[in-house]
Amino acid sequence: MTVEGDAGAKPGDAPHAMKITAAVVPARSQPFEIQQLDLAAPLADEVLVRIVASGLCHTDLHLWEGHYDLGSGKKLMLADRGIKLPLTMGHENVGEVVAVGSDAKGVKVGDVRLVNPWMGCGECKVCQRGDENLCLKPQNVGVFSQGGYATHMLVPSHRHLFDIGKLTPQQAAPLACSGVTAYSALKKVEATLKDEPVVIIGAGGVGLMGVTLARKMGAKDVIIVDIDAGKRDAAMKAGATAAVDGSAADAVAQIQKATGGGAWAVIDFVGSSETVNLAVSSIIKGGSVVVVGLFGGDVTVPTPYLPLRAMTLRGSYVGSQSDIAELIDLVNRTGMPPVPIRTRPLEQVNDALNDLRAGRVTGRVVLTPAA
Ligand SMILES: [Zn+2]
Ligand SMILES: [Zn+2]
């Protein structure tokens, strides 16, 4: 183990804990508390990082409130999924390496790295093929384990760390969640992306990322659907080529017209009953709907539609390690999406998340716990 400012440590010395400052949710919907916590020194392939950027995400609101809405009055309680409070949230993290375990490879003290938060067990078939985000024993940072709303984090393995190239930490942090979520969803419709218009529902933070990434991936036509005129404008500025008001009575007809007869691909970054129904109604025969948003709700799809319309209705959850690596490479080559980023100190976490919940955030907010 190598510790910055700890040149006196000798091989064989017992690893010692350090004190970190963290923003902790003590109980459901209760305000975050700034606390001092103990953090162990890195062993084996663990890596200790100092968090220089930690992005805020809508998922954090669900974690804070403790549930997802399943529609028809039902709720998916996060406690039933093994998510325990108190919790230090924060899953969009870039850190500077301050200490490495004896088996950690590929990183050294001083390196700045994105932490892939979608960690699995690392051993099962799913993890071995690279889809740790779909592991049945998730260890996701800031969800099942301590996140980045803290000065430091112990990353369980060097394999979760990614070089950000020429991006700044504040630019790179949102790639870990909103970025890779949008990228992975777009990859699922890659077959038609360059030749047919892609419809993106929802111009929030992830949707805007989706619009700009779609263009970078070669989409010529990106049709944004949102009920908010301001958000539609933001999406047009971010590269959308047409906009449809999702609350219009003829929204389906407008989408079918804009796509020349029905959409081959709709990506729903909202995920409400209304938006999924709109998406399913708007596709052409053979078209695909990819649901990404976790707004909540339920839909009824007549089963004959599936074969008769040869339709695909699928979900997409965050992204794999290779998605993260490809995305960082894409953004380094083609430039960062022009999504506005605001930085705030760790102590403002309550205000920052309340702003997000109230819809007062355009783009992304990034906390700077140890800046
Ligand atoms: Zn997120
Ligand atoms: Zn696994």
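The structure under discussion appears in the preceding block.
Residues numbered from 1 in each chain as written. Chains lettered and ligands numbered in written order. Predicted model: local features only at pLDDT ≥ 70, side-chain atom pairs only at ≥ 80, totals over all residues. Heavy atoms only, no water.

J.: Explain the pairing of strand β15 (residues 283-291) to me, using residue names and the numbers behind them.
T.: Taken together, the five bridges between strand β14 (residues 263-268) and β15 define a ladder with parallel strand orientation. Bridge pairing in β15 links V266 to V289. Pairing geometry for β15 and strand β16 (residues 312-315), over four bridges, is parallel. Of the residues in β16, the one forming a bridge with V291 is G315. (Pairing = 2+ DSSP bridges. Helix = DSSP H or I, 4+ residues; strand = E, 2+ residues; numbered from the N terminus.)

J.: Account for the coordination of the zinc ion (ligand 2), with residues named and values stated.
T.: By definition of the ideal shapes, four donors in a tetrahedron about a metal sit 109.5 degrees apart, and six donors in an octahedron sit 90 or 180 degrees apart. Taken together, the protein donors to the zinc ion (ligand 2) comprise C121 (SG), C124 (SG), C127 (SG) and C135 (SG), at separations of 2.3 to 2.4 Å. For the zinc ion (ligand 2), the four donor atoms in the first shell make angles of 105 to 116° at the metal, a pattern classed as tetrahedral. Here the donor residues of the zinc ion (ligand 2) share one chain and are spaced in sequence as C-x2-C-x2-C-x7-C. For C121, a relative accessible area of 27% puts it in the partly exposed group. (Donors = N, O, S within 2.8 Å, 3.2 Å for Na, K, Ca; no water. Tetrahedral: all angles 85-135°; square planar, octahedral: opposite > 155°, others 65-115°. Buried < 20%, exposed > 50% of the residue type's maximum accessible area, 1.4 Å probe, protein only.)

J.: Tell me about the environment of S157, residues and numbers included.
T.: Counting through the fold element by element, S157 comes out in the loop between β9 (152-155) and β10 (161-163). Residues within four places of S157 in sequence aside, it is in contact with D45 and E46. Of note is the side chain of S157, whose polar atom sits 3.2 Å from the side chain of D45. (Contact = heavy atoms within 4.5 Å. Polar contact = N/O pair within 3.5 Å; in protein donor to acceptor, adjacent residues only side chain to side chain.)

J.: Break down the nonpolar core for me, citing the residues and quoting the values.
T.: Within the largest apolar cluster, 49 residues are counted, with the highest numbers of intra-cluster contacts made by V94, L114, V198, V211, L213 and I267. Contributing elements (two or more residues each) for this core: β4 (47-55), α4 (178-187), β11 (198-201), α6 (205-216), β12 (222-226), β14 and α11 (321-334). Residues within four places of V211 in sequence aside, it is in contact with I200, V222, I224, A235, A238, G239 and A240. Counting residues in each nonpolar core, the second largest holds 22 residues, with A23, L63, W64 and V365 among its members. (Core = buried A, V, L, I, M, F, W, Y, C linked by side-chain atoms within 4.5 Å.)

J.: Tell me what's going on with the packing of α4 against α6, and back it up with residues and numbers.
T.: At a minimum axis distance of 8 Å, the contact between α4 and α6 shows a crossing angle of 55°. Taken as axis vectors, α4 and α6 run oblique relative to one another. Like other packed secondary-structure pairs, α4 and α6 cross with a definite hand, here right-handed. Contacts from S178, G179, T181, A182, Y183 and L186 of α4 reach α6 at V206, M209, G210, L213 and A214. (Axes fitted to C-alpha atoms, helices over the stretch in contact; angles between N-to-C directions. Parallel < 35°, antiparallel > 145°, perpendicular 65-115°, else oblique. Left-handed = near helix turned anticlockwise from the far one by under 90°.)

J.: Give me unusual backbone geometry: which residues, what numbers.
T.: In this structure, the amide linkage connecting L85 to the following residue, P86, adopts the cis form with an omega of 0°. With respect to the secondary-structure elements, P86 resides in the loop between β6 (74-77) and β7 (92-100). With phi around 65°, S29 is a residue other than glycine that occupies positive phi space. The topology assignment puts S29 in the loop between β2 (18-24) and β3 (33-39). Classification of S29 as partly exposed rests on a relative accessible area of 44%.

J.: Residue-level account of the coordination of the zinc ion (ligand 1), with values.
T.: On the protein side, the zinc ion (ligand 1) has C57 (SG), H91 (NE2) and C177 (SG) as donor atoms, found 2.0 to 2.1 Å from it. When its relative accessible area of 6% is taken as the criterion, C177 is described as buried.

J.: Outline the pattern of salt bridges, supporting the account with residue identities and numerical values.
T.: For the structure on display, the rule yields 15 salt bridges. When the shortest N-O distance is used, the salt bridge between D38 and K19 registers 2.8 Å. Here D38, found in strand β3, pairs with K19, found in strand β2; they are 19 residues apart in sequence, far enough to count as distant. Residue classification places K19 among the exposed residues on the basis of a relative accessible area of 55%. Ionic pairing is found between D245 and R232, a salt bridge with its closest N-O pair at 3.6 Å. With D245 in strand β13 (residues 242-245) and R232 in helix α7 (residues 229-237), this pair connects stretches of sequence that are 13 residues apart. Here D245 falls in the partly exposed class, since its relative accessible area comes to 23%. (Salt bridge = Lys/Arg side-chain N within 4 Å of Asp/Glu carboxyl O.)

J.: So, the sheet that holds β12: which residues are in play, and what are the values?
T.: Pairing is parallel in the open sheet, where six strands are placed in the order β13-β12-β11-β14-β15-β16. Each edge of the open sheet carries a strand with a single partner, namely β13 and β16. For this sheet, the mean inter-axis angle between neighbouring strands, taken without regard to orientation, is 20°. Examined bridge by bridge, β12 and β13 share four bridges and lie parallel to one another. Residue pairing for β13: V225 is matched across the bridge by V244. Packed onto the sheet, helix α8 (residues 251-258) meets β11, β12 and β13 and runs at close to 165° relative to β13.

J.: A description of the packing of helix α1 (residues 58-65) against helix α12 (residues 349-357) should follow, citing residues and the corresponding values.
T.: With their axes 10 Å apart at the nearest point, α1 and α12 run at an angle of 105° to one another. When the axis of α1 is compared with that of α12, the two are roughly perpendicular. On α12, the residues that touch H58, D60, L61, W64 and E65 of α1 are N350, L353, N354, L356 and R357.

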